[in-house]
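If you want the building blocks of each chain, they are given just below.
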Amino acid sequence: MLEIKDLKASTGDTPILNGLSLTVKAGEVHAIMGPNGSGKSTLAQVIAGHEDYVVTEGSVEYKGRDLLELAPEERAREGIFLGFQYPVEIPGVNNAYLLKAALNAKRKHHGVDEVDAFEFLKLAREKMALLGMDPKFLNRGVNEGFSGGEKKRNEILQLAMLEPELAILDETDSGLDIDALKAVAQGVNALRSPDRAIVLVTHYQRLLDYVEPDVVHVLSGGKILRSGDKSLALELEEKGYDWVREAANA
Amino acid sequence: MTALALPDKALATAVQKLPDNALAANRQAALARFLERGFPTTRLEDWKYTDLAAVADISQRWLENGAPVPSSASIGDRVAAIRAAIDIDWIVISNGAIADGMDLAGDDGLSVATFSELAHAPGFEHPLADLNAALLPDGLHIRVRAGTHHDRPLGLLIVDGADSQPGVAQARVCIELEEGSKAQFVEYHASIGEADHYANSIVELSLARGASADYVRIQGRDGHHTQTHRTTITLQDASTVRYSGFDLGGQLVRNDLDIDIAGKEANVVVAGLYIAGEGQHIDNHVRIDHRVGPARSEQEYRGILGGRCRCVWNGKAIVRPGADGTDAEQANHNLLLSERSEIDAKPELEIYADEVKCSHGTTVGQIDEAALFYLRSRGLDKQDAMRTLTRAFGASIVSHSPIAVLTDHLTEMVEGRLSELTDGGDE
């Protein structure tokens, strides 16, 4: 589904990704772990199409197409979803409005009838109940005045509504209490299917107790240093990131 | 630079032509004052960004044509459209003449009369008020009787414009809310017609002890028309006014809002939204004078500017000696969609008392890139995302407008204006 080869990307004059390669197949859950500043978030932003990051070398293929030539909105409609580490507050834009616009933009792109207001409400309420969200969040400004946990749940609500083929969740677990973490994990697990792939970008292995990854990668200095199964995450938790760096340098 | 004067004789003749009513003597006095001072010029601090040369030019051409009462065949349709869109009781002032709605005077505590019927001579203390008083055929006086509450808003529709010859029209409304009364007003400025047009209007609102008014002004003039408008509001003890102004049209627009807090525990909430596109100039001057305290005032204006245009916001709060316990806040936020848009924003505080709380804040910015990317990452195309964010910027002013029955109409007007701005090739 996603094939990244020798990717180099920078912001301004600062190189951040330094020849990163990664293959994610449909049905898989990958975890990308790494210390702060290793390039985890940059990788997520580059896949979503953020214009602040310039790809200088390498390629990214998504479902066999060159992803880098697509605008952010085209990537979204083609089934890529980025769960933001810091979801943006947008006062004056109603949460329901955004959800419905996003859903219909995707449906329209795929030649499916747009949902009307009633269908939308029914669907949104269903998903919110699943995530333990109060329906009143629908009528608030997007993330406006939400707590950290509410913002992350709201990202998962969007995820649940949009049912992407490739979900990249950028530190969706950070700053969550245990209830919120479980709700997020439940939302992610509900999405697992043979047709979809999920990439969890995370600093800690805590989330991986609830969402079991097929592959774990360690990112450092803009490259993947090591990949393994879920036991790698536990080993990292025990030995720290320096262990991987030392092992790579040895 | 010379003063912006109008030819004496032609102006005197125009005044002479007006209906001979109780205002005649007052007109002559006002005329003399105007001839002395002329229009305000950009040499005055309060007018340095707004040049009334175009207004003087239209007035001059109107006088040269013999100062006809402007007329447009389409005014009736415009009035009907507004009546259909906003279902409230309207009094219509059409090209300066009080045309319709005078039968609203009832025994439910609302009295409506003309200045001439009441022999009420409008004051003039400002050059544009001089001109207004000199050329005013008649004015409208509304009184809300003490203790009466009115839940249905009263509409004041000031509509003017001419089809062929340049036109000039005056309007003046005086509203008195007696002790403990409560009412809502919608003031709608509309214009129509191909000819150049200048409208000059004054609204005076006074609130007695404990009175309360919700007031919304909507300015939806045609894109090639000009307007100067002055509103004065005087508040006595424990009175409250919530005022919102929407400037969604016009080529050259200057609004002065002068609020006089003359009573303790008065409460003033002012909000405004101006949207300007190619070729427009919209100037809002707000002055809130805290003569006594404690009292509270807050104002927030927001502007959305696209294309080559200029907007001015000047918010002044004065706290007089002894007006302790004053709480005055002012804010002005602007969204610039084009590099060719210009905003001149100036908050001013003049404080002569000690125990006061005053604050002001002004921002000028472009579309928030982080929000834009967030929306695009959810599948909204760039144009759509920009429009959504632009609309969101003005949404708080629309949704907080004090008269709920207007919200749908205002939302529609704002959206219409914004799609002209974001689709009209402005960048």
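What counts as what
Residues numbered from 1 in each chain as written. Chains lettered and ligands numbered in written order. Predicted model: local features only at pLDDT ≥ 70, side-chain atom pairs only at ≥ 80, totals over all residues. Heavy atoms only, no water. Helix = DSSP H or I, 4+ residues; strand = E, 2+ residues; numbered from the N terminus. Rg over C-alpha atoms; globule rule 2.2 N^0.38 Å. Buried < 20%, exposed > 50% of the residue type's maximum accessible area, 1.4 Å probe, protein only. Pairing = 2+ DSSP bridges. Axes fitted to C-alpha atoms, helices over the stretch in contact; angles between N-to-C directions. Contact = heavy atoms within 4.5 Å. Phe/Tyr/Trp six-rings, centres within 6.5 Å; stacked < 30°, edge-to-face > 60°. Buried area = accessible area lost by both parts, 1.4 Å probe. Salt bridge = Lys/Arg side-chain N within 4 Å of Asp/Glu carboxyl O. Polar contact = N/O pair within 3.5 Å; in protein donor to acceptor, adjacent residues only side chain to side chain. pLDDT = per-residue confidence, 0-100. Patch = residues over 30% accessible without salt bridge, like charges linked within 9 Å, V, L, I, M, F, W, Y side chains within 5 Å. Areas by Shrake-Rupley, 256 points an atom, 1.4 Å probe, with all protein chains shown as cover. Lys, Arg positive; Asp, Glu negative; His and termini not counted. Charge placed at Lys NZ, Arg CZ, Asp CG, Glu CD. Parallel < 35°, antiparallel > 145°, perpendicular 65-115°, else oblique. Left-handed = near helix turned anticlockwise from the far one by under 90°. Nonpolar A, V, L, I, M, F, W, Y, C, P; charged D, E, K, R; others polar.

Participant: Looking at this structure, I do not really get the overall build of chain A. What am I missing?
Facilitator: For chain A, the count of helices and strands is eight helices and twelve strands. At 18 Å, chain A has a C-alpha radius of gyration in line with the 18 Å of a compact globule built from 250 residues. Counting only C-alpha atoms, chain A reaches 60 × 40 × 35 Å along its principal axes. Expressed as a percentage of the 250 residues in chain A, the buried residues total 52%.

Participant: Got a minute to help me understand the sheet that holds strand S6 (residues 80–83) of chain A in this structure?
Facilitator: Pairing between sheet strands relies on hydrogen bonds along the backbone, with the strands arranged either parallel or antiparallel. Residues and elements named next belong to chain A. Spatially, six strands are ordered S6-S9-S10-S3-S11-S12 in an open sheet, and the strand pairing comes out mixed. Every other strand in the sheet has two partners, leaving S6 and strand S12 (223–228) as the edge strands with one partner each. Within the sheet, the average angular offset between the axes of one strand and its neighbour, ignoring direction, is 20°. Direction of pairing for strand S3 (residues 29–33) relative to strand S10 (residues 197–202): parallel, over a ladder of five bridges. Each bridged residue has a counterpart across the sheet, and for Ile 32 the counterpart in S10 is Val 201. Set on the sheet, helix H7 (residues 230–239) makes contact with S3, strand S11 (215–220) and S12; between it and S11 the angle comes to about 45°.

Participant: What is the right way to look at the packing of aromatic side chains in this model?
Facilitator: The relative placement of two aromatic rings is captured by the distance of their centres and the angle of their planes. Residue and element names in this part refer to chain B. Inspection of every chain in the model, using the stated rule, returns eight aromatic pairs over all chains. Aromatic pair Phe 185 and Tyr 215: ring centres 5.9 Å apart, planes at 35°, arrangement tilted. Highlighted residues: Phe 185 in strand S7 (residues 182–191) and Tyr 215 in strand S9 (residues 212–220), separated in sequence by 30 residues. Each member of the pair Phe 185 and Tyr 215 is classed as buried.

Participant: Is there a simple way to think about the interface of chain A and chain B in this case?
Facilitator: Interface size is commonly expressed as the accessible area that is lost once the parts come together. Taken together, the contacts link 30 residues of chain A with 17 residues of chain B. Interface of chain A and chain B: buried area, both sides summed, is about 1,800 Å²; carbon and sulfur atoms make up 64% of it. The partner of B:Arg376 in a salt bridge is A:Glu73, with the nearest N and O atoms 2.7 Å apart. Across the chain A-chain B interface, the total number found is twelve residue pairs in polar contact (both at pLDDT 80 or more).

Participant: In this structure, what is going on with the pairing of strand S3 (residues 110–114) of chain B? I would like to understand it.
Facilitator: The side chains of a regular strand alternate between the sheet's two faces. All names here are of chain B. Summarising burial for S3: four of the five residues are buried, a large majority. Relative to strand S4 (residues 140–144), S3 runs antiparallel, the two being bridged by five bridges. Pairing of Val 112 across the sheet is with Ile 142, part of S4.

Participant: Is there a simple way to think about the sheet that holds strand S15 (residues 295–305) of chain B in this case?
Facilitator: Residue and element names in this part refer to chain B. Strand order across the open sheet formed by ten strands is S2-S1-S5-S7-S9-S11-S13-S15-S17-S19, with mixed pairing between neighbours. The open sheet has two edge strands with one neighbour each: strand S2 (97–100) and strand S19 (356–365). Taking the axes of each pair of neighbouring strands and ignoring which way they run, one obtains an average angle of 10° across the sheet. Of the pairings in the sheet, the one linking strand S17 (residues 326–336) to S19 comprises ten bridges and is parallel in character. Bridge pairing in S19 links Asn 334 to Val 364.

Participant: Sorry if this is basic, but what is going on with the confidence of the model for chain B here?
Facilitator: Detailed reading of the predicted coordinates is not advisable wherever pLDDT is low. Scored by pLDDT, chain B has a mean of 94; 98% of the residues are at 70 or more. On the interface metric, ipTM, the complex scores 0.96, and its pTM is 0.88.

Participant: Please clarify how a negative patch on the surface should be interpreted in this entry.
Facilitator: On the surface, a cluster of negative charge is contributed by A:Glu61, A:Asp66, A:Glu69 and A:Glu74. Mapping A:Glu61 onto the fold places it in strand S4 (residues 54–62).

Participant: Explain the pattern of salt bridges here, please?
Facilitator: Residue and element names in this part refer to chain B. Counting across every chain of the model gives 50 salt bridges over all chains. Across the salt bridge formed by Asp 196 and Arg 61, the nearest N and O atoms sit 2.8 Å from each other. With Asp 196 in the loop between S7 and strand S8 (197–207) and Arg 61 in helix H3 (residues 53–64), the pair connects residues that are 135 residues apart, well separated along the chain. A cluster of three or more residues bridged by salt bridges with shared partners is formed by Arg 230, Asp 258, Asp 260, Arg 287, Asp 289, Arg 291 and Arg 320.

Participant: Any chance you could explain the packing of helix H7 (residues 369–376) of chain B against helix H8 (residues 382–399) of chain B here in plain terms?
Facilitator: Two quantities define a packed helix pair, namely the angle between the axes and the distance from one axis to the other. Residue and element names in this part refer to chain B. Direction vectors running N to C along H7 and H8 enclose 130°, while the axes themselves pass 9 Å from each other. With respect to each other, H7 and H8 are oriented oblique. For the element pair H7 and H8, the recorded crossing hand is right-handed. Together, Ala 371, Leu 372, Leu 375 and Arg 376 of H7 and Lys 382, Ala 385, Met 386, Thr 388 and Leu 389 of H8 make up the contact between the two elements. Tallied by class, residues from the contact of H7 with H8 come to six nonpolar, one polar and two charged.

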